[in-house]
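# What the coordinates show
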2 protein chains.
Amino acid sequence: MKTSLEEMLAFVTVVDSGSISAAAEQLQQTASGVSRALSRLEEKLAVTLLRRTTRRLELTEEGEVFLARARRILDSVEEAEEQMALRRQVPVGRLRVNTA
Amino acid sequence: MKTSLEEMLAFVTVVDSGSISAAAEQLQQTASGVSRALSRLEEKLAVTLLRRTTRRLELTEEGEVFLARARRILDSVEEAEEQMALRRQVPVGRLRVNTA
DNA sequence: CTATATTACGACGGTCGTAAGAATT
DNA sequence: AATTCTTACGACCGTCGTAATATAG
């Protein structure tokens with residue numbers, strides 16, 4: 001449980017946007033931050049996820065595998081948060097209304 | 001995506017162990033830290049997950065709902081990490097062996 | 001030469017543990 | 001009265017942005 005959601009999000013966003021700098025913009029961060037988040041993730045997993053040059057990004061096999069899982073995890077978190085947000089506004093149980 | 005895995009883990013551990021102090025021990029933290037992690041999570045979700053007195057813990061309805069999802073998320077992360085660990089040791093593809 | 005990625009550095013923010021205080025039984 | 005939870009206070013660790021450096025095309 002050493003990996004963080006932020007790091008997973010950085011990874012997924014980099015893949016989706018095609019570059020670290022594009023991901024940075026999308027995440028409202030600097031490229032520096034995204035680059036480090038990615039390195040941190042790889043270090044924690046002890047695996048190379050993305051083979052990168054200054055021009056091209058290429059997913060490794062491990063990256064491919066992890067990507068799918070990371071996506072699902074991020075979606076699940078989003079979903080859980082949204083459900084809480086909903087539950088806040090829509091109290092459960094019967095709704096009793098007195099009509100005139 | 002504001003919530004963190006650490007906070008979810010704190011929440012789940014508190015529920016499973018029955019108290020904040022027990023969870024703290026299990027997580028190798030202080031009760032103070034776990035208590036704050038829990039409060040942080042509730043604040044971020046803007047929801048009360050656990051109604052707590054000094055003696056009793058009671059899941060709210062929202063807590064119940066979130067608990068199930070948090071468990072699944074934590075398991076998924078664990079799984080993803082383990083898969084990377086495996087893949088590290090067991091390179092994929094054909095294994096060629098020259099026998100004498 | 002240009003665009004992108006990484007790294008060193010200093011700064012800042014968030015989380016921690018300790019210790020004191022509050023609350024429940 | 002005892003146990004547990006919470007909070008205030010410093011301290012610390014991790015992450016950040018900037019700016020400099022490296023590198024691919």
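Residues numbered from 1 in each chain as written. Chains lettered and ligands numbered in written order. Predicted model: local features only at pLDDT ≥ 70, side-chain atom pairs only at ≥ 80, totals over all residues. Heavy atoms only, no water.

## Let's talk about the protein's contact with DNA strand D
Note the threshold: Residues are labelled near a given molecule or strand when at least one of their non-hydrogen atoms is within 4 Å of it. Two N or O atoms count as a polar contact when they lie within 3.5 Å, although within protein this holds only if one can serve as hydrogen donor and the other as acceptor, and sequence-adjacent residues are included solely when both atoms are side-chain atoms. Labels follow the DSSP assignment, with helices taken as runs of H or I lasting at least four residues and strands as runs of E lasting at least two, numbered in each case from the N terminus.
Taken together, 19 residues lie around DNA strand D, and Arg36 and Thr54 of chain A together with Ser35, Arg52 and Thr54 of chain B are the ones closest in. The sugar and phosphate moieties of DNA strand D supply 60% of its atoms located within 4 Å of the protein. Within the contact set of DNA strand D, a base oxygen lies 3.1 Å away from a side-chain nitrogen or oxygen of Ser32 of chain A. Between Arg52 of chain B and DNA strand D, the recorded distance is 2.6 Å, taken from a side-chain N or O atom to a phosphate oxygen. For the surface near DNA strand D, the secondary structure elements donating two or more residues are α3 (31-45) of chain A together with α2 (20-27) and α3 (31-45) of chain B. The biggest single contributor to the surface near DNA strand D is α3 of chain A, with four residues.

## Concerning the protein's contact with DNA strand C
Cut-off, in case you're wondering: For this classification, the nonpolar set comprises Ala, Val, Leu, Ile, Met, Phe, Trp, Tyr, Cys and Pro, the charged set comprises Asp, Glu, Lys and Arg, and every other residue, Gly included, is treated as polar.
In the neighbourhood of DNA strand C, 19 residues make up the surrounding shell, with Ser21, Ser35 and Arg52 of chain A together with Arg36 and Thr54 of chain B lying closest. Considering DNA strand C, the proportion of its atoms within 4 Å of the protein that are sugar or phosphate atoms stands at 66%. Measuring from a phosphate oxygen of DNA strand C, one finds a side-chain N or O atom of Ser35 of chain A at 2.8 Å. In the environment of DNA strand C, a base oxygen lies 2.9 Å from a nitrogen or oxygen atom belonging to the side chain of Arg55 of chain A. Of all the elements in the fold, those that place two or more residues in the surface near DNA strand C are α2 (20-27) and α3 of chain A together with α3 of chain B. It is α3 of chain B that contributes the most residues to the surface near DNA strand C, four residues altogether. Residue classes in the surface near DNA strand C are distributed as one nonpolar, twelve polar and six charged.

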